[in-house]
Amino acid sequence: MSAVFKERLAAVRSRIESACAQAGRSPDDVSLLAVSKAHSTDAIRDAYASGLRVFGENYAQELAAKAEALLDLEHVRWRFIGHLQRNKIKFVERAGASIDTVDSVRLAEAISTRAAKTDRAVELLVQVNVGREPQKSGCLPEDLPALVDAVRALPNIDLRGLMTVAPHFEDPMDTRPTFATLRNLAETHGLAELSMGMTHDLEPAILEGATMVRVGTALFGPRPT
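Small disclaimer: the values here were computed from a predicted structure and weren't measured.

Computed from the structure, the largest pocket encloses a volume of approximately 610 Å³. Per-class residue counts for the lining of the largest pocket are 8 nonpolar, 13 polar and 5 charged. Space inside the second largest pocket adds up to approximately 210 Å³. Counting only elements with at least two residues in the lining of the second largest pocket, the list comes to α3 (60-69) and β3 (77-80). Here the element with the most residues in the lining of the second largest pocket is α3; it accounts for 3 residues.

Shown next, in the form of structure tokens:
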């Protein structure tokens, strides 16, 4: 493990612990998803050496290639966190990844159909566009009940929770209403997993109940151009 990565990881864990202390929560209740998109397999190996085991990727073919290149690493888990086209599901399946960005019944049905062929259950999160930003994926909050009901009715699907990407604010604490809305939606539908909060806004996400934070830049540095 490089000294630089060790220092970055310690800083991120310190932020998580401080936010949990402020929220009266245990740091063990918040998992760290290392967002490795656009970074090399060597960077992932460095992160693995530090003890990290769960990695997030945004592009299906990049995910499949990295998973194949890192087959020698035991107990690595992959989560797909980008917009997923139905014709790219095969690449995500190849990596055995969970899918955190389901935002339509058609996508969920396609995942279910493909999973049935290999008799496996795919772990899913539904992405909600709480901030109603047109450039972002995710179902709108008012469409969530019908989507959750439809996903739960599908075979070979394990619906765990919700995910959102909050609008960017200069003051990260301004994201708290967004995260509180997602928490309330999850509670309404009996869903336990809340993937919310990134490098810029992980503290308010934890204060509002995040069970998973997605951190890339603070761990790996800026993405290569």
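Before going further, it helps to spend a moment on the environment of Met212. On the secondary structure map, Met212 appears in strand β8 (residues 212-215). The buried category is assigned to Met212, whose relative accessible area is 3%. Spatially, the C-alpha atoms of Met212 and Asp29 are 8.4 Å apart, while their sequence positions differ by 183 residues. Setting aside anything within four residues of it in sequence, one finds Met212 in contact with Ser31, Leu33, Arg79, Asp100, Glu193, Leu194, Ser195 and Met196.

For the rest of this paragraph, the subject is the side chain of Lys66. Secondary-structure assignment places Lys66 in helix α3. At a separation of 2.9 Å, a polar atom in the side chain of Lys66 contacts the side chain of Glu57. Residues in contact with Lys66, not counting those within four places in the same chain, are Ser36, Lys37, Ala38, His39, Thr41, Ile44, Glu57 and Trp78.

Moving on to the packing of aromatic side chains. Applying the stated criterion to the full structure yields 2 aromatic pairs. On the numbers, 5.9 Å between centres and 45 degrees between planes, the contact of Phe55 with Trp78 is tilted. Highlighted residues: Phe55 in strand β2 (residues 54-57) and Trp78 in strand β3, separated in sequence by 23 residues. Each member of the pair, Phe55 as well as Trp78, carries the same accessibility label: buried.

Secondary-structure assignment places Val35 in strand β1 (residues 31-35). Taking the C-alpha atoms as reference points, Val35 and Trp78, 43 residues apart in sequence, are found 9.8 Å from one another.

Okay, the pattern of salt bridges next. Here the structure, examined in full by the defined rule, presents 15 salt bridges. Linking Glu203 and Arg15 is a salt bridge whose minimum nitrogen-to-oxygen distance equals 2.7 Å. In this pair, Glu203 is assigned in helix α8 (residues 202-207) and Arg15 in helix α1 (residues 3-23), connecting sequence segments 188 residues apart. A residue is classified by how much of its surface remains accessible, and Glu203, at 21% relative accessible area, is partly exposed. One salt bridge connects Glu93 with Arg114, and the closest N-O pair in it is separated by 2.7 Å. Separated by 21 residues along the polypeptide, Glu93 in helix α4 (residues 89-94) and Arg114 in helix α5 (residues 105-117) bring together distant segments of the chain. Look at Arg114 and you get partly exposed, because its relative accessible area is 30%. Each of the salt bridges in this network shares a partner with another, and the network as a whole consists of Arg77, Arg79, Asp100, Glu123, Asp158 and Arg160.

Reading guide: rules and limits
Residues numbered from 1 in each chain as written. Predicted model: local features only at pLDDT ≥ 70, side-chain atom pairs only at ≥ 80, totals over all residues. Heavy atoms only, no water. 1 Å grid on protein atoms, 1.4 Å probe; cavity = no way out; pocket = protein on both sides within 12 Å on 5 of 7 lines; lining within 4 Å. Points joined across faces, edges and corners; volume = space filled by probe spheres on them. Nonpolar A, V, L, I, M, F, W, Y, C, P; charged D, E, K, R; others polar. Helix = DSSP H or I, 4+ residues; strand = E, 2+ residues; numbered from the N terminus. Buried < 20%, exposed > 50% of the residue type's maximum accessible area, 1.4 Å probe, protein only. Contact = heavy atoms within 4.5 Å. Polar contact = N/O pair within 3.5 Å; in protein donor to acceptor, adjacent residues only side chain to side chain. Phe/Tyr/Trp six-rings, centres within 6.5 Å; stacked < 30°, edge-to-face > 60°. Salt bridge = Lys/Arg side-chain N within 4 Å of Asp/Glu carboxyl O.

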